[in-house]
Amino acid sequence: KWLQRRMVLEEQAFRSGKNTSSMDVVGLPALADVILRRGRIYQSHRGNQVMKEMIDSVQEEYRAAAYNEKRKIAERIVNHIQSMGGRFLEPSKDEIWVPVDHKEAIKRVGKAIRSRRATIAAAAKEQQLFTKSAAEGQRGKRLRPDGDIDADSEGCFMRLSKLCGSTTG
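Residues numbered from 1 in each chain as written. Predicted model: local features only at pLDDT ≥ 70, side-chain atom pairs only at ≥ 80, totals over all residues. Heavy atoms only, no water.

Colleague: Please give an account of the overall build of the protein chain that cites residues and values.
Modeller: What the protein chain contains, in helices and strands, is seven helices and five strands. Element order for the protein chain, N to C, with α for helix and β for strand: α-β-α-α-α-α-β-β-α-β-β-α. Only carbon and sulfur atoms are counted for the fraction: they give 53% of the accessible area of the protein chain, which is about 11700 Å². (Helix = DSSP H or I, 4+ residues; strand = E, 2+ residues; numbered from the N terminus. Areas by Shrake-Rupley, 256 points an atom, 1.4 Å probe, with all protein chains shown as cover.)

So this is what it looks like as structure tokens:
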């Protein structure tokens, strides 16, 4: 199917007078490539996992860095991925993968660093609520997701008491 799309692109380029040999499209992303698209299936791609690990390793440095240093940190990640043979790919409207330029890749990595920081903060807050809930649970109470505490003889949320088999509440 991608071959048909490639042929259409080359035909369009030929008609407009562009050199088709210089077209930079990718039929199938390689393992080292980073896919610039949302979704669990894309984020589980090996190149995206490598980028995520690198982002996690620079979180503290990025948080403490000045604006111009933050760009350098993002560029360092881009350069490392490219040195391993990876490209930063996004889908075109014809569903063919197209590499983004170096500047765009740096911009996207910077955004990913900030986004990952927010995800880590949310996970830490959830862990804190869970820890507080577990401590309260030892006294027969549970912390609701909104932060309030409900007492329940079965140790379940009040609104879930029917599912837990509790008759109190």
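Continuing now.
Colleague: Which residues make up helix H5 (residues 67–83), and what values do they have?
Modeller: Taking 1.5 Å as the rise per residue, H5 with 17 residues should run 24 Å; its terminal C-alpha atoms sit 25 Å apart, in good agreement. For H5, the set of buried residues is Ile 73, Ala 74, Ile 77, Val 78 and Ile 81. Each buried residue of H5 sits inside an arc of 135° when the element is viewed along its axis, so together they form one side. Positive backbone phi, at 90°, marks Gly 85, one or two positions downstream of H5. (Expected span 1.5 Å × (residues − 1). Buried < 20%, exposed > 50% of the residue type's maximum accessible area, 1.4 Å probe, protein only. Arc of directions from axis to C-beta.)

Colleague: Can you lay out the environment of Glu 104 for me, pointing to particular residues and giving the numbers?
Modeller: Mapped onto the elements, Glu 104 comes out in helix H6 (residues 102–137). Glu 104 sits in the partly exposed class, given a relative accessible area of 22%. Taking C-alpha positions, Glu 104 is 9.0 Å from Phe 88, a pair spaced 16 residues apart along the chain.

Colleague: Could you give an account of the packing of aromatic side chains, with specific residues and numbers?
Modeller: Inspection of the entire model under this criterion finds one aromatic pair. Ring centres 6.1 Å apart and planes at 70° place the aromatic pair Tyr 42 and Trp 97 in the edge-to-face group. Highlighted residues: Tyr 42 in helix H2 (residues 40–43) and Trp 97 in strand E3 (residues 97–99), separated in sequence by 55 residues. Classification of Tyr 42 by relative accessible area gives partly exposed; the value is 22%. Owing to a relative accessible area of 13%, Trp 97 belongs among the buried residues under this scheme. (Phe/Tyr/Trp six-rings, centres within 6.5 Å; stacked < 30°, edge-to-face > 60°.)

Colleague: Go over the pairing of strand E2 (residues 88–91), please, and point to the residues and values.
Modeller: With two bridges connecting them, strand E1 (residues 34–35) and E2 associate as parallel partners. Its bridge partner lying in E2, Ile 35 is registered against Leu 89. Bridge analysis of E2 against E3 gives three bridges, and the strand direction is antiparallel. Of the residues in E3, the one forming a bridge with Pro 91 is Trp 97. (Pairing = 2+ DSSP bridges.)

Colleague: I'd love a proper account of the nonpolar core, names of residues and values included.
Modeller: Grouped together as the largest cluster of nonpolar side chains are 20 residues, with contacts concentrated most on Met 51, Ile 77, Ile 81, Phe 88, Val 109 and Ile 113. When residues of this core are traced back to their parent elements, those giving at least two are helix H3 (46–57), H5 and H6. A total of five residues in this core trace back to one element, the largest contributor, which is H5. Excluding residues that lie within four positions of it along the chain, Ile 77 makes contacts with Met 51, Met 54, Ile 55, Val 58, Val 109 and Ile 113. (Core = buried A, V, L, I, M, F, W, Y, C linked by side-chain atoms within 4.5 Å. Contact = heavy atoms within 4.5 Å.)

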